[in-house]
Each structure stands twice: as C-alpha cells, then as structure tokens.
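Structure at a glance
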Amino acid sequence: MPLKITTNKFRHVFGQSTRKDSCFENIHITKNAHDSNFAAVNPKFMAVVLDGVGGGAFLVHSINQLGRVDVNAPKICGHTGPVNDLKWNPFDDHVIASASDDMTIKVWEIPEIGLCTNMTRCVFELRGHARKVTYIEWHPSAENVLLSCAFDYRCIVWDVGLSQPLNVISCHSNTVFSISWNYNGSLFATSCKDRKLRVINPRSGAVLQEGFSHHGMKSCKVVFLKNNRIFSTGFSNTGSREIAMWNAADLSKPTYRDTVDQSCGVLLPYYDPDINLIYIAGKGDGNIRYYDVSGTAPVFLNQYMSSDPQRGLGQMPKRGINFSRFEVARFYKLHTAKRLIEPLPMIVPRRTGEFCEDVYPPTLDINPALSSTEWSSGIDKDPVTISVKELIEKRRSGSVSRVGVLRTFTKSLQRTQVVRPVQKLQVEPNVKNVPSSLYNIHKLCTDTGKVMIPSSSQQKSEHTHQFSQLKSNVFPSKEYAAQEHTNSANLRENLHNESAEEYMRPRHQSLHGQLSSIRLQPSSQSSKTQQLSASVGNVRAADGDHHAPFRRDHIMRSSKTGQSGIGQTIKDSKSTPTAVVAQVAPHASGNNNSSQNPSLSNEQLHIAYFKQCEELKALRQECKLKDKKIAALENELFLFRSNASNL
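So, how was this worked out
Residues numbered from 1 in each chain as written. Predicted model: local features only at pLDDT ≥ 70, side-chain atom pairs only at ≥ 80, totals over all residues. Heavy atoms only, no water. Pairing = 2+ DSSP bridges. Helix = DSSP H or I, 4+ residues; strand = E, 2+ residues; numbered from the N terminus. Axes fitted to C-alpha atoms, helices over the stretch in contact; angles between N-to-C directions. pLDDT = per-residue confidence, 0-100. Contact = heavy atoms within 4.5 Å. Buried < 20%, exposed > 50% of the residue type's maximum accessible area, 1.4 Å probe, protein only. Phe/Tyr/Trp six-rings, centres within 6.5 Å; stacked < 30°, edge-to-face > 60°. Lys NZ or Arg CZ within 6 Å of the ring centre and 35° of its normal. Core = buried A, V, L, I, M, F, W, Y, C linked by side-chain atoms within 4.5 Å. Polar contact = N/O pair within 3.5 Å; in protein donor to acceptor, adjacent residues only side chain to side chain. Salt bridge = Lys/Arg side-chain N within 4 Å of Asp/Glu carboxyl O.

**So, the sheet that holds strand 24 (residues 267-272)**
Strand order in the open sheet made by the 4 strands is 24-25-26-27, with antiparallel pairing throughout. Strands with a single pairing partner mark the edges of an open sheet, and in this sheet they are strand 24 and strand 27 (299-304). On average, each strand axis in the sheet is tilted by 25° relative to the strand beside it, whichever way the strands run. In the sheet, strand 25 (residues 277-282) pairs with strand 26 (residues 288-292) via 5 bridges, with the strands oriented antiparallel. Bridge assignment links Ile 280 to a residue of strand 26, and that residue is Arg 289.

Pasting the structure below:
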C-alpha cells in the first residue's frame with residue numbers, strides 16, 4: 001500500500017519494546033485456533049486464557065507484579081470447555097466475563113487482593129446459546145448489559161444484574177465473526193460468514209442496514225467508529241488482506257477499500273475513540289499498523305515492526321496508561337512460543353515534560369451513564385467522560401476505582417443464578433439464591449441444603465421476610481460451629497485417651513489370645529469353653545439400648561484377679577438381630593458359679609470379637625470425619641470473618 005504524507009500530530013507514534021525482566025514470563029498461553037484476543041487487561045489485573053486439557057481455565061494476575069509467574073498460580077477454572085473470549089467490565093475493575101465452548105457465559109468477581117486459590121464458583125452463569133459462545137462485549141454506557149454471539153447464529157443481549165436475556169436476535173444465516181457496539185450503545189454491527197455486514201437495533205432486533213462486505217470467506221472483523229462509520233478488516237477473493245470504511249446509514253458500498261498485504265493471518269482491529277486512531281495487528285504477524293479514522297477514509301500513520309509473532313493483544317483502557325511518558329495506548333502482546341506477555345506502550349514524542357492537552361482529550365470514565373433498566377426502557381446516552389488532568393489527580397489520591405452494582409450486598413442475592421432457556425429461548429423464572437459466603441456456612445451447619453427464594457414482584461414482601469429469617473438462622477451458626485468444635489474435640493479426647501486404651505485394646509488382645517489358644521488345641525475345645533464360661537460372673541444384661549454403636553459401659557473388661565473376664569449376652573436372633581456386649585462386674589471369690597452362666601460356643605466368641613473390632617473401627621472412622629468437619633468449619637469461619645465487612 002503506498003504511503004501518504006499526513007500532518008496528523010500522531011504520525012510519529014512509535015511502539016517501545018520492553019525488556020524481558022519487565023514482562024510476564026512462564027505463562028502457558030492457549031494454542032486455540034479461535035480468532036480472538038485471548039487476553040484482557042485493566043488498570044488492576046491482566047487476564048489471559050491458558051493452555052490445558054479437560055476444560056477451560058484462565059489466569060488473572062496483578063498488572064503490577066512483573067516477572068516470572070508461578071506455575072501453580074491461582075486460576076479461574078469453572079468452565080468445562082475451552083475459553084474463547086474474555087472481557088473486563090468497563091465500570092468495575094474486579095468483574096470479568098468469559099465465554100466458552102460449554103455454551104455458557106460466566107461472570108466472575110475478583111477479590112481486592114487478587115486470587116488466593118483456584119476459583120470455580122462464578123457470580124453469574126448465563127445460559128441461552130445452543131452452541132459454543134464465541135464473542136462477548138460489554139455495553140459502553142449502560143451498566144450490566146452484555147452482548148454475546150455463538151455458533152448457533154444468535155446474538156443475545158443480557159441483563160447481567162437480573163441474569164436474564166433482554167433480547168434474542170436471530171437474523172444471521174451463518175456464523176457471526178465479530179460484534180461491536182456504537183459509541184452510545186444504541187446500535188451494534190456484526191460481520192458474518194455469509195459475507196454481510198449488518199447494523200442491528202439491540203432492543204427490537206431489527207436489521208437497519210445490510211450489505212456485502214469483503215469477498216473472501218475467511219474471518220472478517222468490524223468496529224463501530226465514533227463518527228457513525230464502520231471500519232472492517234477481511235480478505236479479498238484472491239486471498240489478500242484488506243481494510244474498508246463504511247457509512248453506517250448505507251452499507252450498499254464502502255466509502256473506502258484498500259489492500260494491506262498478501263499474508264493469511266486475520267487482522268484484529270483495536271479502536272481508540274478519544275483520538276480516533278485504530279490499530280491493526282495481524283494474527284501471527286509481528287507488525288502493528290495504526291490509522292487515523294477521523295475522516296471519511298482511514299489515513300495510514302506508521303507501524304510498529306517486530307520479528308516476534310503475536311497470538312493476540314490486550315488493550316489497556318486510557319485510565320491505566322502512563323501519562324508522564326506520553327503514552328497514547330498500551331498493549332500486552334502474547335508470545336505463545338516464548339510463554340511470555342510483553343507490555344507494549346505506544347508513545348507520542350514530546351520535547352516538553354509538561355502535560356499536553358492536545359494529546360489527551362477527555363477520556364472514558366469508570367462511572368456508567370445509564371442503568372440496565374433505563375437502557376432497556378429506550379434511553380440512550382453517551383459514555384461519561386473525564387478530563388485527563390482530573391483523572392491524574394484521582395489516581396494520585398487513590399480514588400480511581402469504583403465498586404460496581406454487581407459487588408454490592410443488595411445485588412449479592414442474585415449470585416450463582418443459572419438461566420436455562422426452554423423452547424424458543426423462553427427462560428425460566430429468575431431464582432435468587434443465598435450469597436456464597438452465607439450459603440457455605442449454612443450448608444455445613446445444617447442439612448437443609450440450598451435455600452431457594454423465588455423472584456416475583458407479587459411476592460416481594462414475602463421474599464424480604466424469608467431472607468430476614470434466613471439471615472437470623474445463618475448468622476448464629478458461628479455459635480453452633482463453636483459448639484460443634486468443642487463436641488468434636490471432646491469426642492476425640494474420649495476416644496484416644498488413656499482409659500480407652502486401657503479398656504478397649506488390651507481386652508481385644510486378651511480375647512484374641514483366648515480364641516487362638518482354642519484354635520491351636522481343638523481336642524480341648526469343650527473344656528476350654530467350660531473354663532471360659534466358669535470365669536464369667538454377675539453378667540449384667542444390656543439396659544435396652546439395642547442400637548449400634550455400643551456404649552462404653554457395655555465394653556468387656558477384665559477383673560483384677562487375673563482371670564479371663566470375658567462376658568457376653570447373646571440375644572435371641574428373633575427378637576433382636578444385634579448381639580449386645582455386656583459389662584463384666586468385678587469378680588468376688590466364691591461367686592464363680594458355672595451353673596449360673598450359660599456356656600459360650602466358639603462361634604459366639606468369634607461373633608463377639610469381630611463385632612467389637614467393627615465397632616472400634618467405626619469409632620475411629622467417625623473421629624476422622626469429625627476432624628475433617630472441624631477443619632472445614634474453622635476455614636469457613638475464617639472466611640466468614642474476613643468477608644463480614646462486605647456483608
């Protein structure tokens with residue numbers, strides 16, 4: 001493409017490579033062939049899709065922790081299929097949405113300090129697509145409005161705060177290659193495999209404009225520009241890569257079309273609406289071209305050249321760039337072969353060290369202009385902007401971040417909701433669950449399971465009453481957990497103390513020795529049995545407790561006279577199928593009368609021995625289970641106390 005001389009003030013923008021020690025190393029970036037960025041960044045965190053087997057996982061890492069990333073660093077691994085797209089919420093730096101091959105969209109909430117353990121529980125799970133979800137985009141000015149497309153040829157507009165689709169758009173006849181909102185979110189544009197561009201009303205689903213785009217069958221990308229124009233990248237019928245500009249009011253023919261080169265990688269566009277620059281990065285290329293798109297035709301400015309190919313780029317919002325270095329953009333380049341993510345700032349050269357207002361016009365703020373309810377009712381507003389000087393002052397004071405609606409306590413009632421559409425994507429009624437922090441405590445302390453509170457406008461007062469009762473039942477569980485800890489500790493002490501060793505283990509060893517001697521002397525079985533029976537005296541029957549486990553009072557004990565001390569009461573199998581072991585009273589001289597005690601057969605002695613072995617094993621197993629439950633309760637109590645301020 002011939003170079004054109006221009007007087008644009010950004011014509012000297014250059015990309016500056018970063019040293020390896022200032023990059024993110026040891027990250028196993030995905031090798032998925034999907035035409036996506038596979039990375040998303042904001043001023044606090046960086047998210048990148050990882051390579052793995054058995055489901056989709058992605059890494060969320062602090063943007064300031066450069067260097068080598070631990071291979072066992074915590075990950076988000078809640079998807080059962082590969083992750084195709086990631087997008088941070090533009091109004092909350094701690095909320096990220098992910099689209100996956102498992103036909104779901106999941107919204108995750110990242111803690112203030114980042115991930116400490118692997119996260120598998122999402123805040124919202126949106127189900128509405130019949131095939132794998134490919135791309136997602138947050139609304140530019142309305143909070144909690146999300147647009148998605150999938151291989152089922154549908155586009156769905158979601159209200160994430162209610163976990164419900166606002167509209168299902170089925171106007172495409174083939175796979176959707178890309179989606180893009182316009183500046184105020186009143187329209188969105190799509191490119192499709194049927195080689196058509198469409199401008200769609202998201203509220204009604206009506207196709208306002210439609211026209212043929214690029215003649216090639218490969219992937220075509222589209223960006224809705226600020227001046228009501230559309231920029232697209234694609235392929236010609238000869239396989240050449242090309243770019244085009246369109247008027248959104250008339251897609252019958254492009255206002256500009258030009259060939260870029262003959263490479264085969266998909267061109268990924270990245271748009272900066274503040275200064276009307278668009279960056280073009282080829283998948284598998286090392287170059288990044290940038291154009292001025294403020295007019296009716298794009299004007300080539302310059303390009304960043306590198307020999308290292310990129311898997312994708314993550315674009316930092318203007319709120320996160322370094323203004324003191326005169327950065328106008330910053331990308332995070334994915335090096336798959338090197339397992340490296342390289343920060344790549346785009347810098348406009350300036351001699352003076354003072355702030356230049358002509359380089360930094362007002363940029364997008366973190367505050368939304370509309371709520372999802374206002375937008376769905378038909379109101380449109382441009383995104384809220386803020387001057388860069390004011391943004392710098394807020395950054396110095398530490399008040400740039402914002403807690404979005406999804407992270408407030410009132411909205412936490414809607415967490416972990418699953419929207420499952422039935423025929424014709426008519427979604428079931430919304431279900432409000434208990435917050436995850438409360439539900440874990442409630443689940444461990446009671447056996448009632450998940451408490452579901454149906455959402456309905458007619459039963460609003462009833463829901464408030466039910467949730468108040470639920471909170472009153474859940475919060476006292478701290479005392480219950482403490483009491484459970486005490487009871488379990490007492491049980492362990494009773495099971496493992498010295499008296500248990502004195503009364504259980506020696507008696508089983510003694511009984512085992514008696515049975516061994518009987519087996520070794522088969523000729524004297526009858527006399528040995530009579531001798532054992534004669535040593536039994538004052539057998540006390542069980543006091544009606546016929547349930548296992550047996551009480552300690554019924555465990556066999558030996559007398560201090562050195563005799564065998566084995567006693568047992570075998571109940572009639574017709575009345576009670578379980579044999580109950582009775583306690584043997586201390587023997588007194590002259591009270592050993594064999595005629596008063598029934599003789600015990602060899603089979604009965606075997607039954608008594610193995611019954612007590614089973615009981616001892618069951619008691620030890622119960623002690624182990626109690627220990628595990630205590631550890632789980634202590635962990636939950638620690639998490640409960642740490643999250644008490646948010647509740």
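**With respect to the confidence of the model for the protein**
Summing up the model confidence of the protein, the mean pLDDT is 75 and the portion of residues at 70 or higher is 66%. Contacts from residues 470-477, a stretch scored under 50 in pLDDT, to residues over four places away or in other chains number 12 contacts. Predicted confidence for residues 498-504 stays below pLDDT 50, and this span has 12 contacts to residues more than four positions away or in other chains.

**Focus on the pairing of strand 29 (residues 327-335)**
Burial analysis of strand 29 places 9 of its 9 residues in the buried class, which makes it a mostly covered element. Sheet analysis places strand 28 (residues 313-315) next to strand 29, joined by 3 bridges and oriented antiparallel. Opposite Leu 313, over in strand 29, you have Lys 333 as the bridge partner. Two strands pair when backbone bridges link them, and strand 29 and strand 30 (residues 340-347) are joined in this way by 8 bridges, in the antiparallel orientation. Note on strand 30: the bridge partner recorded for Leu 334 is Ile 341. Connecting strand 29 to the antiparallel partner strand 30 that follows it, the hairpin turn spans 4 residues, and Arg 339 within it adopts a positive phi of roughly 55°.

**Here's the deal with the packing of aromatic side chains**
Taken as a whole and assessed by the stated rule, the structure comprises 10 aromatic pairs. Aromatic side chains Trp 181 and Trp 375 sit 6.1 Å apart centroid to centroid with 85° between the ring planes, which places their arrangement in the edge-to-face category. Taken together, the residues span a long stretch of sequence, with Trp 181 in strand 16 (residues 176-181) and Trp 375 in helix 1 (residues 372-376) at a distance of 194 residues. Given a relative accessible area of 1%, Trp 375 falls into the buried group. The rings of Tyr 270, Tyr 279, Tyr 290 and Phe 331 are connected pair by pair, giving a single aromatic cluster. It is Arg 203 that lies over the ring of Trp 375; its NZ or CZ is 4.5 Å from the centre.

**Description of the nonpolar core**
In terms of nonpolar packing, the biggest core is built from 64 residues, with Ile 27, Tyr 279 and Met 346 touching the most fellow members. The residues contacting Met 346, other than those within four sequence positions of it, are Val 13, Phe 14, Gly 15, Tyr 279, Ile 288, Tyr 290, Tyr 304, Phe 326, Glu 327, Val 328, Ala 329 and Phe 331.

**Topic: the pairing of strand 24**
Most of strand 24 is tucked away: 6 of the 6 residues are buried. In strand 24, alternate side chains face the same way, and those of Leu 267, Pro 269 and Tyr 271 on one face and Leu 268, Tyr 270 and Asp 272 on the other are all buried. Examined bridge by bridge, strand 24 and strand 25 share 6 bridges and lie antiparallel to one another. Paired with Leu 267 across the two strands is Gly 282, which belongs to strand 25. Between strand 24 and the antiparallel strand that follows it, strand 25, lie 4 residues; Asn 276 among them carries a positive phi value of about 55°.

**Side note on the side chain of His 79**
Among the structural elements, His 79 can be located in strand 7 (residues 75-79). A polar atom in the side chain of His 79 sits 2.6 Å from the side chain of Ser 98. In this view, His 79 contacts Gly 55, Gly 56, Ser 98, Ser 100, Asp 102, Thr 104, Lys 106 and Trp 108; residues no more than four positions away in its chain are not counted.

**Side note on the environment of Ile 230**
Counting through the fold element by element, Ile 230 comes out in strand 21 (residues 229-235). Among the residues examined, Ile 230 registers a relative accessible area of 1% and is labelled buried. In this structure, the C-alpha to C-alpha distance between Ile 230 and Val 293, residues 63 residues apart in sequence, is 9.9 Å. If we ignore the near neighbours within four places in the chain, the residues touching Ile 230 are Ala 189, Val 199, Val 222, Val 223, Phe 224, Ala 244, Met 245, Trp 246, Ala 248 and Leu 251.

**A closer look at the sheet that holds strand 14 (residues 155-159)**
Ordered in space as 12-13-14-15, the 4 strands form an open sheet in which the pairing is antiparallel. Across the chains shown, the open sheet's two edge strands, defined by having one partner strand only, are strand 12 (133-138) and strand 15 (164-169). Sheet twist, expressed as the average angle between the axes of neighbouring strands with direction ignored, equals 20°.

**Brief notes about unusual backbone geometry**
Phi angles above zero are rare outside glycine, and Asn 144 is one such case at about 65°. In this structure, Asn 144 sits in the loop between strand 12 and strand 13 (145-150). One non-glycine residue with positive phi stands out, namely Arg 195, at about 65°. Residue position: Arg 195 is located in the loop between strand 17 (188-192) and strand 18 (196-200). Arg 195 sits in the partly exposed class, given a relative accessible area of 33%.

**Quick word on the pattern of salt bridges**
When the charged atoms of two side chains lie near each other, side chains of opposite charge can form a pair. By the definition in use, this model includes 22 salt bridges. Here Glu 210 ties to Arg 198 by a salt bridge, and the two come within 2.9 Å at their closest N and O atoms. With a gap of 12 residues between them, Glu 210 in strand 19 (residues 207-212) and Arg 198 in strand 18 connect regions that are remote in the sequence. Its salt-bridge partner being Arg 325, residue Glu 327 comes within 3.5 Å of it at the nearest N-O pair. For Glu 327, a relative accessible area of 1% gives the class buried. Overlapping salt bridges, with partners in common, bring together Asp 194, Lys 196, Arg 198 and Glu 210 in one network.

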